[in-house]
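Listed below are the residues making up each chain.
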Amino acid sequence: MAPEGLLQVNAWVIFGLVGQALFAGRFLVQWVASERLGTSVVPVSFWYLSLAGGIVLLVYASWFRRDPVFTIGQSAGLVVYARNLMLIRKARAVGAATDQGAGAAGP
């Protein structure tokens, strides 16, 4: 017999499941990317899925569940995901500027 409340599905539960699917999907993306390259890599999409899933789960944890442990855990991760995306964007901007500078210094 299922515990009471386990099978109660509403819009909030579906919202939370979508967040969990986004969050879990990041591992599938990372695995496929690593298999394709034959080495362990973390694609940018991993961080976007982490951020999207983390935001959805944070909303679910804080507004529906009102669970401080779950909320704090998701909040901490969001800082890391956002920072990684900022570092990736910065590295790409530096690379683009370097590429443009090299082209301008040509013959």
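See above for the structure.
Residues numbered from 1 in each chain as written. Predicted model: local features only at pLDDT ≥ 70, side-chain atom pairs only at ≥ 80, totals over all residues. Heavy atoms only, no water.

K.L.:
Would you mind showing me how to read a nonpolar patch on the surface here?
P.N.:
A grouping of Val9, Ile14 and Val18 is seen on the molecular surface, where their side chains present a nonpolar patch of about 270 Å² in accessible area. Its location among the elements puts isoleucine 14 in helix α1 (residues 11-37). The exposure class assigned to isoleucine 14 is partly exposed, which follows from its relative accessible area of 47%. (Patch = residues over 30% accessible without salt bridge, like charges linked within 9 Å, V, L, I, M, F, W, Y side chains within 5 Å. Areas by Shrake-Rupley, 256 points an atom, 1.4 Å probe, with all protein chains shown as cover. Salt bridge = Lys/Arg side-chain N within 4 Å of Asp/Glu carboxyl O. Helix = DSSP H or I, 4+ residues; strand = E, 2+ residues; numbered from the N terminus. Buried < 20%, exposed > 50% of the residue type's maximum accessible area, 1.4 Å probe, protein only.)

K.L.:
Could you clarify how one ought to interpret α1 in this entry?
P.N.:
An α-helical segment advances 3.6 residues per turn. Residues three or four places apart therefore align on the same side. The first and last C-alpha atoms of α1 sit 39 Å apart over 27 residues, in line with the 39 Å expected at 1.5 Å per residue. Restricting attention to buried positions, one finds in α1 the residues Val13, Gly16, Gly19, Phe23, Arg26, Gln30, Ala33 and Ser34. N-cap assignment for α1: the residue whose side-chain oxygen lies 2.9 Å from the backbone N of tryptophan 12 is asparagine 10. In the segment just after α1, glycine 38 is the residue with positive phi, at about 75°. (Expected span 1.5 Å × (residues − 1). Polar contact = N/O pair within 3.5 Å; in protein donor to acceptor, adjacent residues only side chain to side chain.)

K.L.:
Would you explain the nonpolar core in this entry?
P.N.:
Proteins that are soluble and globular tend to have nonpolar side chains buried together. The biggest cluster of nonpolar side chains holds nine residues, and these are Phe23, Val44, Phe46, Trp47, Leu57, Leu58, Leu78, Tyr81 and Leu85. Looking at this core, the elements with two or more residues in it are α2 (44-65) and α3 (68-104). The element that contributes the greatest number of residues to this core is α2, accounting for five residues. (Core = buried A, V, L, I, M, F, W, Y, C linked by side-chain atoms within 4.5 Å.)

K.L.:
How should the packing of α1 against α2 be read in this particular structure?
P.N.:
In a pair of packed helices, the angle between the axes and the distance between the axes together describe the arrangement. Between α1 and α2, the least distance of the axes is 8 Å, while the angle of their chain directions is 155°. One element, α1, and the other, α2, form an angle in the roughly antiparallel class. Where α1 crosses over α2, the handedness of that crossing is left-handed. Looking at the contact of α1 with α2 residue by residue, the classes come out as 16 nonpolar, nine polar and one charged. (Axes fitted to C-alpha atoms, helices over the stretch in contact; angles between N-to-C directions. Parallel < 35°, antiparallel > 145°, perpendicular 65-115°, else oblique. Left-handed = near helix turned anticlockwise from the far one by under 90°. Nonpolar A, V, L, I, M, F, W, Y, C, P; charged D, E, K, R; others polar.)

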